[in-house]
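Observations on chain architecture
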Amino acid sequence: MKRLLILCGAPGSGKTRISNYLQQQYKFSRVITHTTRPARPAEVAGQDYYFESELSFKKHHYFERVVYDQYHYGSSRAGLEQAWNKSDNAVIVLDTKGALTYCQQLPEQTICCYITVSTPQILLQRVEHREVTGKKHLQSQEGQRDLQIPVELKDKCQVLINDEWQQTVKNLERVLKRNGLLSEV
Ligand SMILES: Nc1ncnc2c1ncn2[C@@H]1O[C@H](COP(=O)(O)OP(=O)(O)OP(=O)(O)O)[C@@H](O)[C@H]1O
Ligand SMILES: Nc1nc2c(ncn2[C@@H]2O[C@H](COP(=O)(O)O)[C@@H](O)[C@H]2O)c(=O)[nH]1
């Protein structure tokens, strides 16, 4: 059965690192989403995101789309099918608004994880050196909203604390096992 693991949470909580780990360790395929924000130095177009202009962003059909810190983000059904063609287990990194849409629209196929840390200072330390968006994402209305799990997601998401990496990996693997997603390669 094709499944989609959703990773949502505040800026710097570690969604991307966890997604990369799942891709490397367990051959999850990533659903690549679209954004109008500029690429960060290490990001690769078509791998981390499809980087779009305001104009090109409008040309795609989205399953859901959001504005986050004034940039547009959107994910498509085609992107999800592409990921599922590569692997039955796909992962997508979303804000909490997008996560709720997926949980509501694809309840049978989605497993949602809300990633968090013990103190907001940890988030600040992790993002303040970023050249693109850095602290700004965290301070935005959407960043502040995502500091806590929205009430609508509480019964739909498993909460994963990502303070110390080795502990995160252990807890993540428990979540994968519990949901029948673990197939080590
Ligand atoms: N457990 C951890 N311990 C220390 N550093 C971590 C941990 N998890 C992630 N990081 C680091 O914190 C930074 C932010 O992580 P990451 O980019 O994965 O967050 P994110 O949730 O995807 O952020 P954003 O939504 O803003 O893109 C990265 O430099 C990452 O390597
Ligand atoms: N609802 C959606 N959220 C998305 C999508 N792609 C990324 N994101 C989330 O946006 C924020 C900001 O991302 P960043 O890479 O600029 O830090 C973060 O929460 C991402 O998870 C999407 O297609 N839809």
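Residues numbered from 1 in each chain as written. Chains lettered and ligands numbered in written order. Predicted model: local features only at pLDDT ≥ 70, side-chain atom pairs only at ≥ 80, totals over all residues. Heavy atoms only, no water.

What follows is about the overall build of the protein. When helices and strands are tallied, the protein shows eight helices and nine strands. Against the compact-globule benchmark of 16 Å for 185 residues, the protein has a radius of gyration of 15 Å, which places it among compact chains. Across the 185 residues in the protein, those meeting the buried criterion constitute 53%. Across the protein, every contact between residues at least 6 apart in sequence was considered, and the portion connecting residues at least 24 apart equals 71%. A total of about 9700 Å² of accessible surface is found on the protein, and carbon and sulfur atoms cover 48% of it. Across the protein, the centroid of the 25 positively charged side chains sits 1 Å from that of the 20 negatively charged ones. (Helix = DSSP H or I, 4+ residues; strand = E, 2+ residues; numbered from the N terminus. Rg over C-alpha atoms; globule rule 2.2 N^0.38 Å. Buried < 20%, exposed > 50% of the residue type's maximum accessible area, 1.4 Å probe, protein only. Contact = heavy atoms within 4.5 Å. Areas by Shrake-Rupley, 256 points an atom, 1.4 Å probe, with all protein chains shown as cover. Lys, Arg positive; Asp, Glu negative; His and termini not counted. Charge placed at Lys NZ, Arg CZ, Asp CG, Glu CD.)

Positive phi, normally seen in glycine, also occurs at Lys 27, with a value near 55 degrees. As for its placement among the helices and strands, Lys 27 is situated in the loop between helix H1 (15–26) and strand S2 (29–30). Despite not being glycine, Thr 133 shows a phi value in the positive range, around 75 degrees. Mapped onto the fold, Thr 133 is located in the loop between helix H5 (120–127) and helix H6 (134–139).

A few words now on the site of ligand 2. In the neighbourhood of ligand 2, 16 residues make up the surrounding shell, with Arg 37, Tyr 49, Tyr 73, Asp 95 and His 137 lying closest. At 2.9 Å from a nitrogen atom of ligand 2 is found a side-chain nitrogen or oxygen belonging to Thr 33. Backbone polar atom of Gly 74 to an oxygen atom of ligand 2: 3.2 Å apart, as the coordinates give it. In isolation ligand 2 offers 510 Å² of accessible surface; the protein chains occlude 94% of this area. (Near = heavy atom within 4 Å. Polar contact = N/O pair within 3.5 Å; in protein donor to acceptor, adjacent residues only side chain to side chain.)

Spacing of three or four residues puts side chains on the same side of an α-helix, whose turn is 3.6 residues. Over its 14 residues, helix H8 (residues 165–178) runs 20 Å from end to end, which matches the ideal 20 Å to within 8%, given 1.5 Å per residue. Among all positions of H8, only Trp 165, Thr 168, Val 169, Leu 172, Glu 173, Val 175 and Leu 176 are buried. Axial view of H8: buried residues confined to an arc of 160 degrees, hence all on one face. For H8, the exposed residues lying more than 90 degrees away from the buried face are Gln 166, Lys 177 and Arg 178. Where H8 begins, the side chain of Glu 164 points an oxygen toward the backbone nitrogen of Gln 166, at a separation of 3.3 Å. Positive backbone phi, at 70 degrees, marks Gly 180, one or two positions downstream of H8. (Expected span 1.5 Å × (residues − 1). Arc of directions from axis to C-beta.)

Once that is clear, we can look at the state of the cysteines. Simply put, disulfide is the name for a covalent bond between the sulfur atoms of two cysteines. Tallied over the entire structure, the rule returns one disulfide. The disulfide partner of Cys 112 is Cys 157, and the S-S distance across this bridge is 2.4 Å. With Cys 112 in strand S8 (residues 110–116) and Cys 157 in strand S9 (residues 157–161), the pair connects residues that are 45 residues apart, well separated along the chain. Classification of Cys 157 by relative accessible area gives buried; the value is 10%. We note that Cys 103 lacks a disulfide partner, and the nearest cysteine sulfur, in Cys 112, lies 4.1 Å from it. For Cys 113, which is in no disulfide, the shortest distance to another cysteine sulfur is to Cys 112 and amounts to 6.8 Å. Owing to a relative accessible area of 0%, Cys 113 belongs among the buried residues under this scheme. (Disulfide = S-S within 2.5 Å.)

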